[in-house]
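Residues per chain, in single letters:
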Amino acid sequence: MPAVLSRPVTIVVFGHVGNGKSTFCNTLIGDNTGLSFKESAAAAEETLETVGKEGMFDGVRVCAIDTPGYGGAEGNTAKHIVNMADFIIKNTDVQVFVLVLNYQFPRFDEEMYRFFQLITGMYPGESWLNHLAIVWTRYYPEHSNDEEKNERMKTPKVGIRTFKPDITDDQLNAIPQYFIDSKDTRTPGNPGRNEIAHLLAWAVTKPPLKTLGDMRVKKGDPIIEKRDHEVAGEVWETGYHFGGHKYPFGIGPRAYHHDVHQRFTKIFEERQRQEYTSGEPTYTEWAQVRTEVTERIIHQYDT
Ligand SMILES: Nc1nc2c(ncn2[C@@H]2O[C@H](COP(=O)(O)OP(=O)(O)OP(=O)(O)O)[C@@H](O)[C@H]2O)c(=O)[nH]1
Ligand SMILES: [Mg+2]
């Protein structure tokens, strides 16, 4: 057996919630049942713990480390991220990081920058970006073309340049990008498998990244310290209700027996305020959480 196979190629898989990290990890370790790493069902059942598992992909030993996705509803609290950082820091075999992006919904946002900062903080003496690859999931070749593919490939480049403005074009172009549809990559002969084989051939050449060993996530790392809700206030709407329809007050048919004055209160609550150990708080978008309706009969007709 070649020396290179005596230990598994060790890969950390990260990216936004639901982009297909766990599914990809299962493919990487040759688990066609999809049971090794918990894949989310239609609605959501996210990976919350960082887990590493070993298996084989076409004769290559692989250790895949699955992480909780960024941007989860509430699962991704500081606790899970600290766990993940701890797990990765202690694993001195990590060779490469794979960022999983969704071909159907490309994005590289602020949350991603924090993840990049976090990883940068783990490998102080290393240019870990040389150990980074991109895997695009939900890539359906029959519904795409080269132009679109090239557009997609710019997304992480633009993002990474924003994160690290002094990165050169050559460095950015050296970050390999692969395209798969995880629904098919478990079928032998699928082009996605070829992409993964290329990814592994690249990963195998990367020596393990050197961490600071038992380094703890230090103050100044972008870890969420505090998270709380802020309430924006309330928006009031009054209306008139008849036969299941709503009309602005004063317009609409008169009810046969009674008019009902209905007051809708839309409560625009909740944006989340997050405070990082490193500095400024950030906010999520305002989200409307509920509508309250109160009713009062304002006129009772004689029958
Ligand atoms: N068609 C298609 N579906 C995919 C692909 N990758 C993932 N999915 C589906 O997307 C859903 C989410 O996949 P997961 O692997 O659980 O995603 P995840 O990134 O691990 O999600 P979290 O753990 O919640 O962050 C599952 O229903 C997968 O079957 C893909 O390449 N093509
Ligand atoms: Mg998952």
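Rules used in this analysis
Residues numbered from 1 in each chain as written. Chains lettered and ligands numbered in written order. Predicted model: local features only at pLDDT ≥ 70, side-chain atom pairs only at ≥ 80, totals over all residues. Helix = DSSP H or I, 4+ residues; strand = E, 2+ residues; numbered from the N terminus. Buried ≥ 20, exposed ≤ 12 C-beta atoms within 10 Å, placed from the backbone. Contact = placed C-beta atoms within 7 Å. Pairing = 2+ DSSP bridges. Axes fitted to C-alpha atoms, helices over the stretch in contact; angles between N-to-C directions. Core = buried A, V, L, I, M, F, W, Y, C linked by C-beta atoms within 7 Å. Right-handed = clockwise from strand over helix to strand, strands pointing away. Expected span 1.5 Å × (residues − 1). Arc of directions from axis to C-beta.

Colleague: How should the overall build of the chain be read in this particular structure?
Modeller: Within the chain, the secondary structure is distributed over six helices and 13 strands. Buried positions account for 26% of the 303 residues belonging to the chain. In the chain, of all internal contacts separated by at least 6 residues, the share reaching a separation of at least 24 is 71%.

Colleague: In this structure, what is going on with the sheet that holds strand β3 (residues 60-66)? I would like to understand it.
Modeller: The strands making up a sheet associate through hydrogen bonds between their backbones, and the pairing can be parallel or antiparallel. Across the sheet, which stays open at both edges, the six strands sit in the order β2-β3-β1-β4-β5-β6 with mixed pairing between neighbours. If you trace the sheet from one side to the other, it starts and ends with β2 (51-57) and β6 (177-179), each paired once. The mean inter-strand angle of the sheet, taken between neighbouring strand axes irrespective of direction, is 30°. As paired strands, strand β1 (residues 9-15) and β3 are joined by five bridges and run parallel to one another. In the strand pairing of β3, V13 is matched with D66. Lying over the sheet, helix α6 (residues 191-203) contacts β1, β2, β3, β4 (96-102), β5 (132-137) and β6, oriented at roughly 155° with respect to β6.

Colleague: Got a minute to help me understand the environment of T137 in this structure?
Modeller: With respect to the element layout, T137 can be found in strand β5. Along the chain, T137 and T23 lie 114 residues apart, while their C-alpha atoms are 9.7 Å from each other. Filtering out sequence-adjacent residues up to four positions away, T137 remains in contact with N19, G20, F24, V100, N102, Y103, I180 and S182.

Colleague: Even after reading the chapter, I still don't get the nonpolar core, so can you show me in this structure?
Modeller: General note: in soluble globular proteins, nonpolar side chains tend to be found buried as a group. Grouped together as the largest cluster of nonpolar side chains are 45 residues, with contacts concentrated most on I11, V13, L28 and A64. At the level of secondary structure, the elements contributing two or more residues to this core comprise β1, α1 (21-28), β3, α2 (78-90), β4, α3 (110-122), β5 and α6. It is β4 that provides the largest number of residues to this core, a total of six residues. Setting aside anything within four residues of it in sequence, one finds I11 in contact with L28, V62, A64, I65, Q95, V96, V98 and A203.

Colleague: Explanation requested: the pairing of β5 in the structure shown.
Modeller: Every other side chain in a regular strand lies on the same face of the sheet, so the side chains alternate between the two faces. For β5, the tally of buried residues reaches five of six residues, placing the bulk of the element in the interior. For β4 and β5, the ladder comprises six bridges, and the chain directions are parallel. Pairing of L101 across the sheet is with W136, part of β5. In terms of handedness, the path from β4 via α3 over to β5 forms a crossover that is right-handed. With three bridges joining them, β5 and β6 adopt parallel strand pairing.

Colleague: Any chance you could explain α1 here in plain terms?
Modeller: Because the α-helix completes a turn every 3.6 residues, residues three or four places apart line up on one side. Of all eight residues making up α1, eight are buried, and the element is well covered by its neighbours. Elements in contact with the buried residues of α1: β1, β2, β3, β4, β5 and α6. Where α1 terminates, the next one or two residues include G30, which has phi positive at roughly 75°.

Colleague: Before we go on, may I ask you to explain the environment of E151 in this structure?
Modeller: For E151, the location among the structural elements is in helix α4 (residues 146-163). E151 sits in the exposed class, given 11 other C-beta atoms within 10 Å. As for E151 and P106, which are separated by 45 residues in sequence, their C-alpha atoms are 9.8 Å apart.

Colleague: Looking at this model, I keep getting lost on the pairing of β2. Mind explaining?
Modeller: As paired elements, β2 and β3 share seven bridges and run antiparallel to each other. Residue E54 lies in a different strand from β3, and its bridge partner there is C63. Once β2 ends, the chain turns through two residues before running back antiparallel as β3, passing D58 with a positive phi of about 45°.

Colleague: Sorry if this is basic, but what is going on with the environment of F37 here?
Modeller: Note that F37 resides in the loop between α1 and β2. For the pair F37 and N26, spaced 11 residues apart in the sequence, the C-alpha separation amounts to 6.0 Å. F37 has contacts with S22, C25, N26, V51, K53 and D66, leaving out every residue within four places of it along the chain.

Colleague: Looking at this structure, how should I read α4?
Modeller: Taking 1.5 Å per residue, 18 residues should reach 26 Å; α4 reaches 27 Å between its end C-alpha atoms and fits that length. Residues of α4 that are buried: R152, P156, G159 and I160. End-on, the buried residues of α4 take up no more than an arc of 100°, which puts them together on one face. Opposite the buried face of α4, by more than 90 degrees, sit the exposed residues D146, E147, N150, E151, K154 and V158. Where the residues of α4 are buried, they touch β4, α3, β5 and α5 (169-173).

Colleague: Even after reading the chapter, I still don't get unusual backbone geometry, so can you show me in this structure?
Modeller: The general pattern is negative phi for most residues beyond glycine and trans for most peptide bonds. Phi at D58 is positive, roughly 45°, even though this residue is not glycine. C-beta crowding within 10 Å serves as the criterion here: with 12 such atoms nearby, D58 is assigned to the exposed category. Unusually for a residue other than glycine, R138 sits at a positive phi of about 55°.

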